[in-house]
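Overview (structure and organization)
Residue-level listing of the chains:
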Amino acid sequence: MREVRVERYDAAEVEPRWQARWDELGTYRTDLTDTSRPTFYLLTMYPYPSGDLHIGHWSIKTPTDAIGRYRRMHGDNVFFPIGFDAFGLPAENAAIKAGVHPREWTLANIERMRRQLRSMGATFNWEAEVVTATPEYYRWNQWFFLKFLEAGLAYRAMAPVDWCPKDQTVLAREQVVGPDRVCERCGTQVVKRDLEQWFFRTTRYADEFLRYEGLQWPEPIRLMQTNWIGRSEGSEVVFRTAPDDHQPGGDELRVFTTRPDTLFGATFMVLAPEHPLVERLTAPDRRGDVERYRHEARRKSEIDRLSTEREKTGVPLGADAINPVNGEAIPIWIADYVLLSYGTGAIMAVPAHDERDFAFATQFGLPIRQVVAPVGHGGDDEADAAYIAHTPDEELVNSGDYTGLSAPEGARRITADLEREGRGKSAVTYRLRDWLISRQRAWGTPIPVVYCPTDGIVPLGEGDLPVVLPDDFEFKPTGGNALESHAAFVNATCPRCGGPARRETDTMDTFVDSSWYWWRYLSPHKDDGPVDRELEERWCPVDQYTGGAEHAVLHLLYSRFFSKALADLGLIHEREPFKRLFNQGQILGEDGERMSKSRGNVQDPDDLVSRYGADTVRLFLMFMKPWEQDAPWSSTGITGLSRFLNRVWTVTLDPHGQESGGREEDASRGGGDGGPSGSQALRALAHRTLKRVTDDYEGFHFNTMVARLIELTNALMRYRGTALAGSPDWEETIRLLLLMLAPAAPHITEELWSRRLTVAGEPWRSIHQEAWPAVDEALAAEETMELPVQVNGKLRDRVPMAVGLPRAEVEEIVRAREKVQAALGGQEPLRTVYVDGRLINFVVR
C-alpha cells in the first residue's frame, strides 16, 4: 500500500487564517434589507466588560454561534450581533482604585474582549456593535425616559435606600456585605434611609406579564416570573383604630387577605416598622422600645426580614384596632416580617391558620383561635393555641352567623357584607412593585431633568439630549456620587423659565440599558430615533435568545415592560421581545463556586486556545455537560476532543493509511448470506447520525451531538485503509461528517472543505454557506451495527449486520468471514460467548 504523508492539524496556523479570510470577505455580515430569505434573529446576552473573558463566556457564546451557523445552512438570513453592557459599579470601583476615569477602564476592557471574542471564530456581526456607555446609545435611554414621563410611566416618589452613615453615601446592593450588612468600603453598619427617587410604572402591565401565549420559554423561568409578579385574589378589609388616652382613633388600617373567611380568627394586627401611622399610634410609654426596634429593622435586608428560619421579633404600640366582623379590639404590633413595600404594610394576624403568625403569637403569648376546620369536624376548644393547617374541604367554626358555611362561601358572604357596609371589598394585589431606576452613582445614564426653584421638576427637551457625563469627575475613596460635586454638571439652566436650576445627579439603573439593546443593534448609528421601525417589523421579536437563568426575573421582566410600553407608544409593533428563550447552565470554578476574580477560580480560555485551538475548546464546552446544567470546570477530557479533531483530519485527508495493526480486508465484502455490506452499514450510520444530529441542534443537545460525530468518525477510522476508504460511499460520509461538524468546529471544517474542493478541481466556496444535508430516511431507518468478533478474547474482526438478528443467524454470518475462519484455524469452538449487540467471542484450544 502506498504511503501518504499528511501533516498534522495545526490549529494555531489554520484558525487565525480563516478568521482573517472571513473578515476580509464579510462572510458573516447580514444584509438586514434582504427579503429573499427568512430572517432569524439570534441574540445572546451581551457581556459586561469587567476584564478578560473567562471560560463561562465561551460556554454561552460558542454554542449559540453553532446555532447561528446551523440556521444559515438552512437558508436563513441570520443576524447575530454583539455589544457591551458598559455601565456598572465595577468600573467605578476600578476608577477609585486606579485613579482613572471609568470610561478609560471600560474601553480598555472592551478592546481586550473584542480580541478574545474574535478568537472564538464566532459569526458575530461586528458592524452592529453597541456600547451602552457611549452618548450615541444612552441618549436614547434619556429619550425613553422623557416619553415614559409624558405617558405617566415614569414618576418620582420616596423610597428606602441603603445608606452608609460614615461615608455619607447611598450604597448599591452589591456594596452591602456580610450578615451584619456593613459597607464594603469602610465596614460601617448600613442603615435604611428614605430618598426621593425615580420609578418606571411596571405595575401597569402586571396582568399582561402573566400571559405567555406564543412564548417558547422554559417552564421554570415562567414560574419564577409568575411568582415574582405574585398576583393574589382576595379581599381588602378596613380595620379602624380604637380611641385611647393618647390618640382619638378612627384611622383606617387597610389589609389585604386571601382568606376573608378567617377574619374571626384575627387576634392581633402587625404593621411594618416603616408604616406611616406608627408614630401616631405609639403610646408614650412604648415610644423608646418602638424607636429602637424601628432603627434595628432599618439595618436589615428584606431577605433577612422575610426569613422563616429566624426567630420572630416585634413590639406592641400600645394601641388597638377594631375587627370589623365582630367589633373586637385587638392589639397592634410592629414586626420586621411585615414590609411596607408589599401589600398595604399591615396584616391581620390569624395565628391558628398561618405558620408565621402562629410563631409570632407563640413567641409573645398572643391569643390563638381556630375558625376553620375540616367539614364535619366542628369547633374544638382544645384546638385553640395550636396551629391547624388548611385542608381542601373546610367549613367555618367559631365565626358567628357564618359558622357552618363552606370556606369559599364564607369568604364570599363576609366580603359581600363588608362591602355593603363600606368596610371592605373584593381586591387583587400583586407582589410586583414599580421599577426603581434611580442609582446614586456617577457611571450611568444621566436622568434628563432639572430642579428649578420656580418651576419645580422640569424635564429637558429632546433637543437638549444627550445629557453627557463629564470627562473629569473625580472618584474619591469614600465613595459617593461624584456627579454631586461636579459644579459644571450640577449647575444648569431651567428650560422653562431660563433661571438657574440644579441638574438631577442620580443615574439610571443599568437594567435600562439592557431592556432594549436588541432593537438598537438593527440601527446602531441611527440619529433620528432609537429604533428603525421598518427593520424592527421585519426582524422582531427576537427568534432565539440565550443567556443565564440568573436573569430570569429582572432583566427579562424589564425587557417585557419596554416591549409593552414602546408598543403602546407606537414605536414598535410587538409586545413581547423574545419568541424563544434558552438558558444555559453555569460553568462553575473547580471549587464548585461561581467563577469570579475575587474567588481566584476563573479559567482563562486564552491559555486553552493557544494550546488546543478554538475548535477544540468549543467542542469541549459543548461535550462536557448538557448545556442547560451547571457543572464545575475541569479540563479533564479536552485532549480527547483534540484527538477527535485530529481523527477527522486524518480520515478526510488520508483515508488509505492503515489504522493500528493494519487492515487489508475488503471492507465492501458482505457479511455472509444476506448480511449488509460495510458500505451499506457506513451509509446507514451516516444518515442515522445526520437525523439525530439535526434533532440535537434543534434542541440544544450539544453534548449528544458531539458524541454522535465522534462515533461516526471512529467508524470511519475502522474502515481506513480498507477497500471502502476513498470510495464514493466513503466520500459521501466524509461530506456529511464535515457539514454536521461545521457549525460546532468552523475552522477545521472550512480548511478540510477547501482542500477537498481543490482536489476536486472545484472553485472555493465556504462550507458555512453550504446547505444543510438532507436525510435519506430509508437509510436512516436501517438499524445496522458493527459487531466486534473475538477469538480467545482477542479482537479479530468487526462485522456489519442488521440489529436484532437471532443468535444462530449472527453466528452463521460471523463464521463465514475469512478473518474469523483464519483465526479459528479450522477448529470448532469449545464455547461461544454472545453479548447481544455488543460482541461475540469464540473460545478455542
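What comes next concerns the included structure.

What counts as what
- Residues numbered from 1 in each chain as written.
- Predicted model: local features only at pLDDT ≥ 70, side-chain atom pairs only at ≥ 80, totals over all residues.
- Heavy atoms only, no water.
- Pairing = 2+ DSSP bridges.
- Helix = DSSP H or I, 4+ residues; strand = E, 2+ residues; numbered from the N terminus.
- Phe/Tyr/Trp six-rings, centres within 6.5 Å; stacked < 30°, edge-to-face > 60°.
- Buried < 20%, exposed > 50% of the residue type's maximum accessible area, 1.4 Å probe, protein only.
- Expected span 1.5 Å × (residues − 1).
- Contact = heavy atoms within 4.5 Å.
- Core = buried A, V, L, I, M, F, W, Y, C linked by side-chain atoms within 4.5 Å.

Notes on the sheet that holds strand 6 (residues 169-171)
Strands pair in a sheet through their backbones, by hydrogen bonds, and they do so in one of two ways: parallel or antiparallel. Read across the open sheet, the 4 strands follow the order 6-5-9-19; overall the sheet is antiparallel. Each edge of the open sheet carries a strand with a single partner, namely strand 6 and strand 19 (435-436). In this structure, strand 9 (residues 191-200) lies alongside strand 19, joined through 2 bridges in antiparallel fashion. Bridge pairing links Phe200 to Trp435 in strand 19.

Details of the packing of aromatic side chains
This structure, assessed with the given rule, holds 52 aromatic pairs. Ring geometry for Tyr137 versus Trp516: centroids 4.6 Å apart, planes at 20°, classification stacked. Taken together, the residues Tyr137 in helix 5 (residues 135-150) and Trp516 in the loop between strand 25 (507-508) and helix 14 (517-522) connect sequence positions 379 residues apart. Just as Tyr137 is buried, Trp516 falls in that class too. Ring geometry for Phe145 versus Phe200: centroids 6.2 Å apart, planes at 45°, classification tilted. On the criterion of sequence distance, the pair formed by Phe145 in helix 5 and Phe200 in strand 9 is long-range, its members being 55 residues apart.

Regarding helix 16 (residues 554-568)
With 15 residues, helix 16 extends 21 Å between its outermost C-alpha atoms, agreeing within 8% with the 21 Å of an ideal straight helix rising 1.5 Å per residue. A large share of helix 16 lies buried, amounting to 13 of its 15 residues. Backbone geometry just downstream of helix 16 places Gly570 in the positive-phi region, at approximately 80°.

A look at the environment of Gly499
Inspection of the secondary structure assignment puts Gly499 in the loop between strand 23 (491-493) and strand 24 (500-503). Its relative accessible area of 16% is what places Gly499 among the buried residues. The contact partners of Gly499, leaving out residues within four places of it in the chain, are Ala492, Thr493 and Cys494.

Focus: the side chain of Thr733
Along the polypeptide, Thr733 turns up in helix 22 (residues 728-741). Beyond its immediate stretch of four places on either side in the chain, Thr733 contacts Leu682, Ala686, Leu712 and Leu716.

What to know about the nonpolar core
Core analysis: the largest hydrophobic core is formed by 170 residues, its most contacted members being Tyr41, Phe145, Phe200, Phe561, Phe562 and Tyr697. Looking at which element gives the most residues to this core, the answer is helix 21 (residues 702-719), with 10 residues. Counting 47 residues, the second-largest nonpolar core is a separate cluster that includes Leu263, Leu281, Val315 and Val338.

Read these as layout, nothing more, since geometry by itself doesn't imply function.
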